[in-house]
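Examining the three-dimensional arrangement
What follows is the residue order along each chain.
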Amino acid sequence: MRRISSLAMTIKRRNYLWRLHPPPPSKEASSSIKQSKTTKVSNSKFNFNLNDNVYIRPKSTKEFGISGRIVDITSSVSSGSTTTSAKDGNGIKKRRLEDIRVSIQQSHNGNMKVGVRPSRLFPIHESSNDKEETLIIITPDTTNYRQLATSHLRGSDKVLEIGCSTGECTALVLRRLMLLYKNNNLQYQEKKKTNIQTGSICAFDIGSDMVKQASTRVQSEFNALQHHSHQATDLQMPSYTDMIQFYKIDALSDPKRAYTHATTITTSSKDQSKSPDVILIDIGGNRELKGVVQMIEWVQSAFCQNDDDSARAIIVKSESLAEELTKSTQSSIKEDEKKIEADSSTDQQPTVLDNGIINQGQKWFKSLLSSFSTNTTASTVATHHHQRRAPTYNHPLKAPLVLSPKDDKIAICRFHNYDIDGCKNGTRCPCDHQFCHWCREVGHTALNCHHFK
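The present account deals with the structure reproduced in this document. (Residues numbered from 1 in each chain as written. Predicted model: local features only at pLDDT ≥ 70, side-chain atom pairs only at ≥ 80, totals over all residues. Heavy atoms only, no water.)

1. Looking at the overall build of the chain
In terms of regular secondary structure, the chain is built from 10 helices and 21 strands. Buried residues in the chain amount to 49% of all 453 residues. Look at the contacts in the chain between residues 6 or more apart in sequence, and 66% of them connect residues 24 or more apart. (Helix = DSSP H or I, 4+ residues; strand = E, 2+ residues; numbered from the N terminus. Buried < 20%, exposed > 50% of the residue type's maximum accessible area, 1.4 Å probe, protein only. Contact = heavy atoms within 4.5 Å.)

2. A look at the pairing of strand β6 (residues 66-75)
Here four bridges tie strand β5 (residues 53-56) to β6, and the two strands are oriented antiparallel to one another. Looking at the pairing, tyrosine 55 lines up with serine 67 of β6. Looking at chain direction, β6 and strand β9 (residues 100-106) are connected through seven bridges and run antiparallel. Within β9, the residue paired with serine 75 across the bridge is isoleucine 100. (Pairing = 2+ DSSP bridges.)

3. Description of the environment of leucine 20
Structurally, leucine 20 can be placed in strand β1 (residues 15-20). Residue classification places leucine 20 among the buried positions, given a relative accessible area of 15%. Once the C-alpha coordinates of leucine 20 and asparagine 355 are considered, the two residues, 335 residues apart in sequence, prove to be 8.6 Å apart. For leucine 20, the residues in contact, after removing those within four places along its chain, are Ile138, Leu325, Val352, Gly356 and Ile358.

4. Quick word on the pattern of salt bridges
Taken as a whole, this structure holds seven salt bridges when the rule is applied. Across the salt bridge formed by aspartate 157 and arginine 312, the nearest N and O atoms sit 2.8 Å from each other. Here aspartate 157, found in the loop between α1 (142-151) and β13 (158-162), pairs with arginine 312, found in the loop between α6 (289-303) and β19 (313-317); they are 155 residues apart in sequence, far enough to count as distant. The exposure class of aspartate 157 is buried, given its relative accessible area of 3%. A residue is classified by how much of its surface remains accessible, and arginine 312, at 10% relative accessible area, is buried. The partner of lysine 317 in a salt bridge is aspartate 282, and the shortest N-O contact between them spans 3.9 Å. Separated by 35 residues along the polypeptide, lysine 317 in strand β19 and aspartate 282 in the loop between β18 (278-281) and α6 bring together distant segments of the chain. You'll find lysine 317 and aspartate 282 in the same group, each marked buried. (Salt bridge = Lys/Arg side-chain N within 4 Å of Asp/Glu carboxyl O.)

5. Points about the sheet that holds strand β12 (residues 133-139)
Strand order in this open sheet of seven strands is β1-β12-β19-β18-β13-β14-β15, and the pairing throughout is parallel. Here the strands that pair on one side only, and so sit at the sheet edges, are β1 and β15 (244-248). Averaged over all neighbouring strand pairs, the angle between strand axes comes to 15 degrees, with direction disregarded. Pairing of β12 with β19 involves five bridges; the strand directions are parallel. Bridge pairing in β19 places isoleucine 138 opposite valine 316. Most of the contacts of helix α8 (residues 361-371) go to β1, to which it runs at about 90 degrees, and overall it touches β1 and β12. (Axes fitted to C-alpha atoms, helices over the stretch in contact; angles between N-to-C directions.)

6. Observations regarding the packing of aromatic side chains
Under the criterion given, the structure shown has eight aromatic pairs. Measuring from centroid to centroid gives 6.0 Å for tryptophan 18 and tryptophan 364, while their planes differ by 85 degrees, and the two rings are edge-to-face. Residue tryptophan 18 is located in strand β1, and its partner tryptophan 364 is located in helix α8; the two are separated by 346 residues in the primary sequence. For the pair formed by tryptophan 18 and tryptophan 364, the shared burial category is buried. The structure contains a cluster of three or more aromatic residues connected by ring pairs, namely Trp18, Trp364 and Phe365. (Phe/Tyr/Trp six-rings, centres within 6.5 Å; stacked < 30°, edge-to-face > 60°.)

7. Points about the packing of α6 against α8
Following both chains from N to C, one finds α6 and α8 inclined at 120 degrees, their axes separated by 10 Å at the closest point. Taken together, the axes of α6 and α8 lie oblique to each other. The two elements α6 and α8 cross, and the hand of that crossing is left-handed. In contact with Leu289, Val293, Ile296, Glu297 and Gln300 of α6, α8 contributes Gln362, Phe365, Lys366, Leu368 and Leu369. (Parallel < 35°, antiparallel > 145°, perpendicular 65-115°, else oblique. Left-handed = near helix turned anticlockwise from the far one by under 90°.)

8. Regarding the environment of tyrosine 55
As for its placement among the helices and strands, tyrosine 55 is situated in strand β5. Not counting chain neighbours up to four residues away, the residues in contact with tyrosine 55 comprise Gly65, Ile66, Ser67, Arg120, Leu121, Phe122, Ile124, Ser151 and Arg176.

9. Structural notes on the sheet that holds strand β11 (residues 121-123)
The antiparallel open sheet is built from five strands, whose spatial order is β10-β9-β6-β5-β11. A strand with exactly one partner marks an edge of an open sheet, and here the two such strands are β10 (112-116) and β11. Neighbour-to-neighbour, the strand axes of the sheet open up by a mean angle of 45 degrees, direction not taken into account. Across three bridges, β9 lies against β10 in antiparallel orientation. Each residue of the ladder has a partner; that of valine 102, found in β10, is valine 116. Contacting β5 and β11, α1 crosses the sheet at an angle of about 85 degrees to β11.

Put into structure tokens, the structure is as follows:
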């Protein structure tokens, strides 16, 4: 397990690529389909170019959503209107006639998907280098949030969802991960490979009723998908507990326990540690801006400090943050999307480009964070838990499992740390009695941790 205390000693400046989704309206986007020299295509919301990474939205929940790269744009009709109208029993119904088709080279197997309508395309945003840069996407509405969450997944991703509510988005993410696992497994069987990694989800919510409803919904979704996959291919899917865990927890009030849950991978054989690859934040569409900003800061400090094990993407649904960005954006939008200059001497006000990239995004976020009271979350997980009193539990085993810094194998005794009578097993206890369960330092227990005196 990666030691939390080591974060404070290994802090390294990490790059962040901020985006607004959907991007601001541009002159090129319209309600019709356009083509320009077969190198660019637009649907009613987004512009696409050759070699752009895209996601083909499935027509139904039974379909496997395909991701890939645009390799060709062709015209299937020589001329004619792009839309037509026809009457049905309920009145006028508009139907779009698209005279352009797109060819996609699929990312998971390299095969070609031809004849795709531009209206089914959804952009996949990527950073220039996953190991050095984390992508942060802000979106104000639920529909785009869920499409971003599913379209940006990879088959082996560990997903942290902060604010799972009743599990609607969680179920979509689980479905996508299971479909990716099924597809990758079938593909690898042909190549006689067996080392298939599956994705997993760690979901947080502060309401016990929300967690219960989400768990029921997602369990039902998992059972249906597992049954269908077994009938169709005789494929043995991962167990439910290997793929998803729900926790009633507030990461801002108990960051150490939230960090432990978020980085632990529970498998049938052993527990492993890994930071989330994709983090979804939806802590209430209209929640006050301060809470959203503090949550993003905690995520950055906890999961984006180690180049070898940092989050690849953070997707935030927040109306208040999107509105604040609009207020802070300079009136003139730069049209040059090919090169973004980050001059530290310039003003820290952000600029949203036509493609949705937020220039000076991280500087704007830090400025926004500093505008609140200095009583925000700590800059690192290590310093934050020192500023707070150790949590109390109605039973020592309710505390999360924490491994001893001595070997990262033996668990620190929770009875020794949280029971007023200590551990009754004494020297017979196989757990560690030397280190504090809360700060992982030697010589005291969590109930008497010297950091709080």
